[in-house]
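Each chain, written out:
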Amino acid sequence: MSDDPRAEDYEEEEDEEYEGEEEEEEGEEAAAQDANAAASSAGDDEEVAEEEDEDDDEEDAQPWSGLGRLPEKGELLELLREYRATGRKQLTILLLGKSSVGKSSLVNSLLGEAVVRVQAFKLQADTEITTSIVRQVEVGDAEVDGLRIKLIDTCGLEDPEAGDTVNYAALSKIAEDIRGVPVDVALYVDRLDLYRVDPLDRAIIGAISQTFGRQLWKRTVLAFTHANMQQTPPGTTFDSFADGRIRLLRGAVRGLLFRPALPACLVENADTCPVSPESGARVLPDGSEWLLGLMGEVVDVAAGARRPYKYHPRMSSKPSQRFRWLLPAVIAAELVFYHKFIRPRLDDNQRRVEAQDDALWAARGRQRAALGLHPPNRPTAERSARLEQMYDDD
Ligand SMILES: Nc1nc2c(ncn2[C@@H]2O[C@H](COP(=O)(O)OP(=O)(O)OP(=O)(O)O)[C@@H](O)[C@H]2O)c(=O)[nH]1
Ligand SMILES: [Mg+2]
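Just so it is clear, the model here is predicted, and its values are computed rather than measured.

Colleague: Give a description of the overall build of the protein chain that names residues and reports values.
Modeller: Across its full length, the protein chain holds 11 helices and 11 strands. Looking at the 394 residues of the protein chain, the share that counts as buried comes to 30%. Excluding contacts between residues fewer than 6 apart, the proportion of contacts in the protein chain whose partners are at least 24 apart in sequence is 76%.

Colleague: Residues and numbers for the site of ligand 1, please.
Modeller: For ligand 1, the set of nearby residues contains 21 residues, the closest of which are Gly-102, Ser-104, Ser-105, Ala-120 and Gly-156. Of the residues forming the shell around ligand 1, the biggest block, three residues, is contributed by helix H4 (residues 103-111). Residue classes in the shell around ligand 1 are distributed as six nonpolar, 12 polar and three charged.

Colleague: Explain the environment of Val-221 to me, using residue names and the numbers behind them.
Modeller: Along the chain, the position of Val-221 falls in strand S9 (residues 220-225). Among the residues examined, Val-221 registers 25 C-beta atoms within 10 Å and is labelled buried. The sequence separation of Val-221 and Leu-187 amounts to 34 residues, and the corresponding C-alpha distance is 5.0 Å. In this structure, Val-221 is in contact with Val-185, Leu-187, Pro-263, Cys-265, Glu-297, Val-298 and Val-301, ignoring residues within four places of it in sequence.

Colleague: Quick rundown of helix H6 (residues 199-212)? Include the residues and the values.
Modeller: Compared with the 20 Å implied by 1.5 Å per residue over 14 residues, the 20 Å span of H6 between its first and last C-alpha is a close match. Listing the buried residues of H6 in full gives Asp-201, Ile-204, Ile-205, Ile-208, Ser-209, Thr-211 and Phe-212. In the core, the buried residues of H6 are packed alongside strand S2 (90-97), strand S5 (158-159), strand S6 (165-166), helix H5 (168-177) and helix H7 (238-253). Positive phi appears at Gly-213, one or two residues downstream of H6, with a value of about 90°.

Colleague: I'd like a description of helix H8 (residues 290-304), backed by residues and values.
Modeller: Between the first and last C-alpha of H8 there are 21 Å, a value that for 15 residues agrees with the 21 Å anticipated at 1.5 Å per step. When we look at burial in H8, the residues that qualify are Trp-290, Leu-291, Leu-294, Met-295, Glu-297, Val-298, Val-299, Asp-300, Val-301 and Ala-302. Those residues of H8 hidden inside the fold are in contact with helix H3 (73-84), S2, H4, strand S8 (185-191), S9 and strand S10 (264-266).

Colleague: With reference to specific residues and values, describe the sheet that holds S2.
Modeller: The strand order across the open sheet formed by seven strands is S1-S3-S4-S2-S8-S9-S10, and the pairing between neighbours is mixed. The sheet terminates laterally at strand S1 (62-63) and S10, the two strands that pair on one side only. Set on the sheet, H4 makes contact with S2, strand S3 (130-136), strand S4 (148-154), S8 and S9; between it and S4 the angle comes to about 165°.

Colleague: Explain the nonpolar core to me, and be specific about the residues and the numbers.
Modeller: In terms of nonpolar packing, the biggest core is built from 72 residues, with Leu-95 and Ala-223 touching the most fellow members. At eight residues, the largest contribution of residues to this core is made by H8. Residues contacting Leu-95, with those up to four places away along its chain left out, are Lys-103, Leu-106, Val-107, Leu-151, Ile-152, Asp-153, Thr-154, Leu-187 and Val-189.

Colleague: Quick one: what's the story with the pairing of S8, residue by residue and with numbers?
Modeller: Counted residue by residue, S8 has six buried out of seven residues, so it is predominantly covered. Note: S2 against S8, five bridges, orientation parallel. Bridged to Leu-94 within S8 is Ala-186. Sheet topology note: the S8/S9 ladder contains six bridges and is parallel.

Colleague: Can you lay out the environment of Ser-100 for me, pointing to particular residues and giving the numbers?
Modeller: Among the structural elements, Ser-100 can be located in the loop between S2 and H4. Ser-100 gets classed as partly exposed once you count the C-beta atoms within 10 Å, which come to 18. Placed 56 residues apart in sequence, Ser-100 and Gly-156 show a C-alpha to C-alpha distance of 7.1 Å.

Colleague: Describe unusual backbone geometry, naming the residues involved and giving the relevant values.
Modeller: Of note in this structure, His-226 is not a glycine but carries a positive phi near 55°. Look at Leu-262: it is not a glycine, yet its phi comes out positive at around 50°. By secondary structure assignment, the location of Leu-262 is in the loop between H7 and S10. The exposure class assigned to Leu-262 is buried, which follows from the 23 C-beta atoms found within 10 Å.

Colleague: Describe the packing of H5 against H6, with residues and values.
Modeller: Interhelical geometry of H5 versus H6 gives an angle of 35° and a closest axis separation of 10 Å. Of the two possible hands of crossing, H5 and H6 adopt the one that is right-handed. Residues Tyr-168, Leu-171, Ser-172 and Ala-175 of H5 pack against Ala-207, Thr-211 and Phe-212 of H6. Broken down by class, the residue content of the contact of H5 with H6 amounts to five nonpolar, two polar and no charged.

Colleague: Requested: an account of the packing of H3 against H8, with residues and values cited.
Modeller: Contact geometry of H3 with H8 gives a least axis separation of 10 Å together with a crossing angle of 0°. Relative to H8, the element H3 is oriented roughly parallel. Here Glu-75, Leu-76, Leu-79, Glu-82 and Tyr-83 of H3 lie close against H8, whose contacting residues are Leu-292, Met-295, Gly-296, Val-299, Ala-302 and Ala-303.

Colleague: Give me the lowdown on the pairing of S9, citing residues and values where you can.
Modeller: Extensive coverage of S9 is indicated by the burial of six of its six residues. Along S9, one buried face is formed by Thr-220, Leu-222 and Phe-224 and the opposite face, lined by Val-221, Ala-223 and Thr-225, is buried too. Pairing of S9 with S10 involves three bridges; the strand directions are parallel. Residue pairing in the sheet places Ala-223 in a bridge with Cys-265 of S10. Handedness of the crossover joining S9 and S10 through H7: right-handed.

Reading the values: the criteria
- Numbering of residues starts from 1 in every chain and runs along the sequence as written.
- In the order they appear in the text, chains get letters beginning with A and ligands get numbers beginning with 1.
- Two thresholds apply to this predicted model, a pLDDT of at least 70 for residue-level local features and 80 or more for giving and counting side-chain atom pairs, whereas whole-chain, interface and lining totals are computed over all residues.
- Where helices and strands are cited, they refer to DSSP runs of H or I of at least four residues and of E of at least two residues respectively, numbered from the N terminus.
- Note on burial: count the other C-beta atoms lying within 10 Å of the residue's C-beta; 20 or more is buried, 12 or fewer is exposed, in between is partly exposed, and C-beta positions come from the backbone.
- By the convention adopted here, residues make contact when the C-beta atoms placed from their backbones lie within 7 Å.
- A molecule or strand has a residue near it when that residue's C-beta atom, placed from backbone coordinates, lies within 6 Å of it.
- Classification convention: Asp, Glu, Lys, Arg as charged; Ala, Val, Leu, Ile, Met, Phe, Trp, Tyr, Cys, Pro as nonpolar; all other residues, Gly among them, as polar.
- Helix span, expected: 1.5 Å multiplied by one less than the number of residues in the helix.
- At least two DSSP bridges between two strands are required for those strands to pair.
- Every angle, taken between N-to-C directions, lies between 0 and 180 degrees, and every axis is a line fitted to C-alpha atoms, over only the stretch in contact when it is a helix.
- Note on terminology: a nonpolar core is a set of buried residues of type Ala, Val, Leu, Ile, Met, Phe, Trp, Tyr or Cys, with members joined through C-beta atoms within 7 Å.
- Handedness of a helix crossing follows the sense of rotation of the near helix relative to the far helix, less than a right angle counterclockwise being left-handed and clockwise being right-handed.
- We call two directions roughly parallel when the angle between them is under 35 degrees, roughly antiparallel when it is over 145, roughly perpendicular when it lies between 65 and 115, and oblique otherwise.
- A right-handed crossover is one whose linking path, passing over the helix from the first strand to the second, runs clockwise when the strands point away from the viewer.

Written out as structure tokens, the structure is:
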């Protein structure tokens, strides 16, 4: 069901098709880091200190008490041990998605603790834009102790009060809140039990790319909640339905040359999720233990990236501005096109109309002369324009 992220080469050197863009994005990233460096050398101490503070969450970290309650604890620790062995001390996961898809529920499920508020019906005003929770592993095992898990929960990205549009203000605030914070993995959360990717989904996906830069998708795992689907539409099995839904969402993110791996996992946050009689872990209709599946993908993506993603405002792009430098050339090309092709055709046309007019008036003159009448009173160009205008006004 879920792809091996390495199989799709999100390591840029191997992805030839995407190479140019990748370099550009790596360039953007590097530029952003250069900008940080420039800020520090320019003595912008306040900003740099702020960013260092954000990087260092040690003082906020609390022991991960919920770990002991997770039936998956043993396997989970094994995964985290492997991750820790790569030299990393923190695993930061940013959750993004529409409202009520289960982001906060997923934070609570992953930690085994009810740390963030989950509500079926929410007023936008109630919603925190970002909530960071940092837990530290302390299990008496030197190989993994001290590893910090940081989960950044965010508010829904649509704005129901403005008629189901993208909540750009919230997106900007999220970006501001995570500025300089190393993010190892983003989880794009959506529901499994939906049949389509609608225009709002596409708009939200586009807005994420514009705000955070498309490179965030290369560190993104798709998480589909509500996955304990006992019934799927006629003609589908659980697997084929889930595969179709995953393909739809991936298709909305990927472009012709932009092919992030987007490994996908299924999730069931509800307490009613069946558990395996042997392990006690929560299982899906296909028999898979979802929490381990998800954490396996998260650790793979985090460990596979050369460095964490760090947001910098330079990563935000407005497509209309990207090729701004081409504007004079485009205008010049339009002018040449107009003068070389359009204008001669218009002049030709005008000449043809005038010749037809002349022929018409000459014929009228001949007719009137044959009848012994005076020549026709042909209106001047100015007078005919005025007459035409009067008819139009009527
Ligand atoms: N059955 C089922 N219900 C879920 C699942 N995940 C979340 N819910 C329910 O969906 C509702 C919304 O869940 P939240 O976790 O608050 O959703 P959210 O994405 O954090 O929503 P916002 O904070 O508004 O963006 C709650 O009533 C949850 O109990 C799931 O996997 N299965
Ligand atoms: Mg929430």
